[in-house]
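# Geometric and topological summary
This is what each chain is made of:
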Amino acid sequence: MRYNQVSWTTIMPAWRRRMLVQQSTFRKKWEESFMRLMAKFPAIIKSKPTNLVVVCFDSGLHYGNEGLIREILGLKQGLYVFLSIGGSVTPMAHPKDTPSRCKGVARQILLACDRYPSITDIAVVMHSDCGFYVTVPKHLHSHEKEKRDLQMAGSHLMEILPGKKIRLFYQEITDDGESVAIYETDCPKIRESIPRRHLFERHRC
Ligand SMILES: [Zn+2]
């Protein structure tokens, strides 16, 4: 038998052949499980969003968020980036007390603005009785804390994104939990020293 007639698998050790069979079986099973469901929907090619909408992930506010985006801001699909975070921008109102969470939220917002330079307007939304407050230090709790924090966070956002138009919205759950009323509030300039090294770090994807 000439050397070039010998199959490469016959000169392979038995343990190596078993391993290759096991690997290919595993890969086949994984591919089958990965592709268990396939569905297609329209994609928006080269979308150029003009707005960033930052909300709390509270599932009770889905209709409120939908109404804000469609009816108040008048945005269609593909024209906005929707950023849903537990507590929305609350940590940005307390950069000294919750520095790592503040940095995390600020980075997400900066990342969206870096990824989509077409974004000119940012809508920031907070709501009444936000469950996020169970995770923040007790001394940050106060009457109508969400309203105060919304303006404070908006002021800090204006500092890190001076070229953007920032609008603040407050969602109030009314009618014994049956409706969500949406109010727009001013974004005052609040002068307070913040750990700028946290807020100005930019990350790109
Ligand atoms: Zn919330």
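Located above this text is the structure these notes cover.
Since we're looking at a predicted model, the values are computed, not measured. Starting from 1, residues in each chain are numbered consecutively following that chain's sequence as written. Under the rules for a predicted model, residues below a pLDDT of 70 receive no local features and side-chain atom pairs below 80 are neither given nor counted, while totals for whole chains, interfaces and linings still include all residues.

## Things to note about the overall build of the chain
- Only DSSP runs of H or I with at least four residues qualify as helices, and only runs of E with at least two residues qualify as strands; both kinds are numbered from the N terminus onward. Looking only at helices and strands, one finds five helices and five strands in the chain.
- Tracing the chain from N to C terminus, the helices and strands come up as α-β-α-β-α-β-α-β-β-α.
- The burial criterion counts other C-beta atoms lying within 10 Å of a residue's C-beta, which is placed from the backbone; the residue is buried at 20 or more, exposed at 12 or fewer, and partly exposed between these limits. For the chain, the proportion of its 205 residues judged to be buried stands at 27%.

## Description of the sheet that holds strand β5 (residues 179-185)
- DSSP-based pairing: two strands are paired if at least 2 bridges between them are found. With mixed pairing, the five strands of this open sheet are ordered in space as β2-β1-β3-β4-β5. Because the sheet does not close on itself, it has two edges, and the strands there are β2 (80-85) and β5. The sheet shows a mean angle of 20° between the axes of neighbouring strands, taken without regard to direction.
- Sheet topology note: the strand β1 (residues 51-56)/strand β3 (residues 121-127) ladder contains four bridges and is parallel. Considered in β3, the bridge of Leu-52 is made with Ile-122.
- Here helix α2 (residues 62-72) sits on the sheet and contacts β1, β2, β3, β4 (165-174) and β5; the angle it forms with β5, its principal contact strand, is near 50°. In this analysis, axes come from line fits to C-alpha atoms, helices being fitted only over the stretch in contact, and the angle between any two N-to-C directions falls in the range 0 to 180 degrees. Throughout, a residue-residue contact means that the two C-beta atoms, derived from backbone geometry, are no farther apart than 7 Å.

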